[in-house]
Amino acid sequence: MSAFDIAPGAQVCVIGAGLMGAGIAQIAAQAGDAVLLYDKREGAAADALGKLRQQLAKLVERGRMDAAQAEQTLGRIQPAQDLAQAAGCRIVIEAIVEDAAIKHDLLASLEGIVQSGCILASNTSSISITALANGMRHPERLVGMHFFNPVPAMRLVEVVSGLKTDARVAAAVERLGARWGKTPVHARSTPGFIVNRIARPFYAEALNVLTERAAVPADIDRCLRAAGFRMGPCELMDLIGHDTNLAVTRSVFAANYSDRRFGPSLVQQELVDGGLLGRKSGEGFYRYDTQQRIIAPPAPPEPATDWTPPPDGIVLHGQGHFIERLAAQLAATAAHVEHRPGSGWTGIETPQGQLRVTDGRTAAQLAHECRTPCLAVCDLALLSTPGQDAALAWAAANATPAWRAEVPALLRFGGWVPVQTGDVAGLIVARTIAMLINEACDAVLQGVCTEDGADTAMQLGANYPDGPFHWLRHWGAGAVVALLDHLDAHYRGERYRVSPALRTRTYL
Ligand code: NAI
């Protein structure tokens, strides 16, 4: 505890009564604090309060909040007519337009109004806290308090320190965030902070697969939902809006001096150029009806071919969920199965051919190197029991027709729904998860956050089913690095370079 700590019932001020400011005011008031809500547009704060009244009334109707609680919450928020009313506040949180010059002006005005112990916090999603603090009389009192949309529902708040931020200010804001019902994760002010940075590959890898025309958006989404993500990257980009998503990508790209790793995609640029912004414009990767539901073409019927394991000659190579699942299914048959856990690859070998879990090499490359046309690759089975729809991508290059026909049947035997894609290196889930892990390792290496912080932030701020370091522990650094090295060799660019922190783990 320090002099900066903000006790329950304290006076706080929120500036900007838009989407985020209204949400911040709501959670502060629900936690018992007195909130002044100021917006430069006349009537905006009162309008936000009116909307909140309607939302809380709905919660009361559904029995999720009692009427007295709703009234108390509303009673604690006062629209302010003048910025000068912030004079007595313990903290002022700005959630105004994302424009550095306008935020600078506001912070300068506030420094002339508030008292010396008052914390100034910014909800900026992309502007450096160090840069915002430059020129302030007391840069040590500025801190980032980055909430996620919708504020009342999303449990994460990134507490962002710039070069000059006083550690006591950041600690007090972390405690305040916790008191307001959020899980605070501390971040150093770097482009994209934690979530917006580590999440880039979730979109970028889907866009790269689309660039190569190796899969359609619906199949990419199915595969990642089956890996436990609530939404696939294409439907999520449609929801966020391609203009917004592209703007964030561009800002992280520019802030990293055009590092190709963060490069924007022409696929997304084309959608923006064409006004196909996603759900809000009625069309993006998908088309939407008037209720903003996806208009999906009917799925083609699944061929119901069965796979009968041959009595002899089946070898399971390597370890992991894919092998465990096949082993369990095969145990219920009369087939004799040999298991070589220490094999140099992971997958299943039958007298007819090999199905290898991707290691970042394409089926064409592997077939060439192994001198066999009876080879196909399948995606990483991230979960022991696949999630929704159990979709698993697979690809073959010049495999014999007999092996091509057998692979989907074999996958169905294992309990997956086979999704054939083009022969893209690292398929869909494997390349995405490997790149999320890689980015998280770089973020920790650069002191942006801790490993636990990265895991918590991605689960609570982006609804990931697990954190990148959890995946890393299960998949193993050696396998992740091997996959990324193969992608790097395949694409020969900066995008797939391995984080030094990740490679170091393979030597430990
Ligand atoms: P918004 O456009 O809904 O609201 C901004 C409000 O600020 C408007 O009501 C506007 O009248 C007011 N405003 C503009 N300049 C002002 C000034 N100088 N003084 C007082 N009020 C002023 O924007 P939104 O989405 O709420 O974003 C606000 C901030 O939160 C931005 O910095 C944004 O980057 C950040 N953010 C947004 C998220 C989102 O999903 N929308 C997520 C996380 C952060």
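Thresholds, definitions, all that
- Residues numbered from 1 in each chain as written.
- Predicted model: local features only at pLDDT ≥ 70, side-chain atom pairs only at ≥ 80, totals over all residues.
- Heavy atoms only, no water.
- Helix = DSSP H or I, 4+ residues; strand = E, 2+ residues; numbered from the N terminus.
- Expected span 1.5 Å × (residues − 1).
- Buried < 20%, exposed > 50% of the residue type's maximum accessible area, 1.4 Å probe, protein only.
- Arc of directions from axis to C-beta.
- Contact = heavy atoms within 4.5 Å.
- Pairing = 2+ DSSP bridges.
- Axes fitted to C-alpha atoms, helices over the stretch in contact; angles between N-to-C directions.
- 1 Å grid on protein atoms, 1.4 Å probe; cavity = no way out; pocket = protein on both sides within 12 Å on 5 of 7 lines; lining within 4 Å.
- Points joined across faces, edges and corners; volume = space filled by probe spheres on them.
- Nonpolar A, V, L, I, M, F, W, Y, C, P; charged D, E, K, R; others polar.
- Phe/Tyr/Trp six-rings, centres within 6.5 Å; stacked < 30°, edge-to-face > 60°.
- Lys NZ or Arg CZ within 6 Å of the ring centre and 35° of its normal.
- Salt bridge = Lys/Arg side-chain N within 4 Å of Asp/Glu carboxyl O.

Novice: Teacher, can you tell me more about helix α11 (residues 242–255) here?
Specialist: Counting along an α-helix, one turn takes 3.6 residues, and residues three or four places apart therefore face a common direction. For α11, spanning 14 residues, the distance from its first C-alpha to its last is 20 Å, which sits close to the expected 20 Å at 1.5 Å a residue. Where α11 is concerned, the buried positions are His242, Asn245, Leu246, Thr249, Val252 and Phe253. All buried residues of α11 lie within an arc of 130° about the axis, which places them on one face of the element. On its buried side, α11 packs onto α8 (200–211), α10 (233–240) and α12 (266–273). Phi turns positive, to about 50°, at Tyr257, one or two residues after α11.

Novice: I tried to follow the sheet that holds strand β13 (residues 375–378) on my own but got confused; where do I start?
Specialist: Two strands in a sheet stick together by hydrogen bonds in their backbones, pointing the same way (parallel) or opposite ways (antiparallel). Reading across the sheet, the 7 strands line up as β10-β9-β11-β12-β13-β14-β15 and stay open at both edges, with mixed pairing between neighbours. The sheet terminates laterally at β10 (337–340) and β15 (417–420), the two strands that pair on one side only. Neighbouring strand axes in the sheet, compared pairwise and without regard to direction, differ in orientation by 25° on average. Pairing of β13 with strand β14 (residues 391–396), which is carried by 3 bridges, proceeds in the antiparallel orientation. Along β14, the bridge assignment pairs Val377 with Ala395. Contacts between helix α13 (residues 321–331) and the sheet are confined to β9 (314–317), β10, β11 (347–350), β12 (353–357), β13 and β14, with β9 contributing the most and set at about 150° to the helix.

Novice: How do you make sense of empty space enclosed by the protein when you look at a structure like this?
Specialist: Summary: where empty space remains is shown by rolling a probe the size of a single water molecule over the atoms. Counted under the stated rule, the structure contains 1 cavity of 30 Å³ or more. Counted as a void, the largest cavity has a volume near 80 Å³. In terms of lining residues, the largest cavity is bounded by Cys223, Ala226, Ala227, Leu380, Ala381, Leu382, Leu383, Pro386, Ala391, Leu392, Trp416 and Val429. Listing elements by their share of the lining of the largest cavity, those giving two or more residues are α9 (217–226) and β14. Of the residues belonging to the lining of the largest cavity, the class tally is 12 nonpolar, no polar and no charged.

Novice: Sorry if this is basic, but what is going on with the packing of aromatic side chains here?
Specialist: Within the structure shown, the criterion is met by 9 aromatic pairs. Pairing Phe229 with Tyr464 gives two aromatic rings, centres 5.0 Å apart and planes at 80°, and the pair type is edge-to-face. Placement of Phe229 in the loop between α9 and α10 and of Tyr464 in the loop between α17 (451–461) and α18 (468–475) is noted, with a sequence separation of 235 residues between them. Judged on exposure class, the residue Phe229 and its partner Tyr464 are both buried. Between Arg325 and the ring centre of Trp416, over which it is positioned, the NZ or CZ distance is 5.3 Å.

Novice: What is the right way to read unusual backbone geometry from this model?
Specialist: Peptide bonds are mostly trans, and most non-glycine residues show a negative phi. Of the consecutive residues Asn149 and Pro150, the connecting peptide bond is found in the cis state with omega at -5°. For Pro150, the location among the structural elements is in the loop between β6 (142–147) and β7 (156–161). Even without being glycine, Phe193 reaches a positive phi, approximately 50°. Its identity as a non-glycine residue notwithstanding, Tyr257 has a phi of 50°, on the positive side. Within the secondary structure, Tyr257 is located in the loop between α11 and α12.

Novice: Where do I start with the layout of surface pockets in this structure?
Specialist: Considering only enclosed or pocket space, the largest pocket measures out at about 1400 Å³ in volume. Contributing to the lining of the largest pocket are 48 residues, with Met20, Ser125, Phe147, Phe148 and Asn149 lying nearest its centre. For the lining of the largest pocket, the elements supplying multiple residues, two or more each, are α1 (19–30), α4 (100–111), β6, α7 (195–198), α8, α10 and α11. Per-class residue counts for the lining of the largest pocket are 27 nonpolar, 13 polar and 8 charged.

Novice: What am I meant to see in the pattern of salt bridges here?
Specialist: For the coordinates displayed, the defined rule picks out 23 salt bridges. The residue Arg53 makes a salt bridge to Glu71 at a minimum N-O spacing of 3.6 Å. You can see Arg53 sitting in helix α2 (residues 44–61) and its partner Glu71 sitting in helix α3 (residues 67–75), a full 18 residues away along the chain. Among the charged side chains, a network of salt bridges with common partners joins Arg197, Arg261, Glu439 and Asp442.

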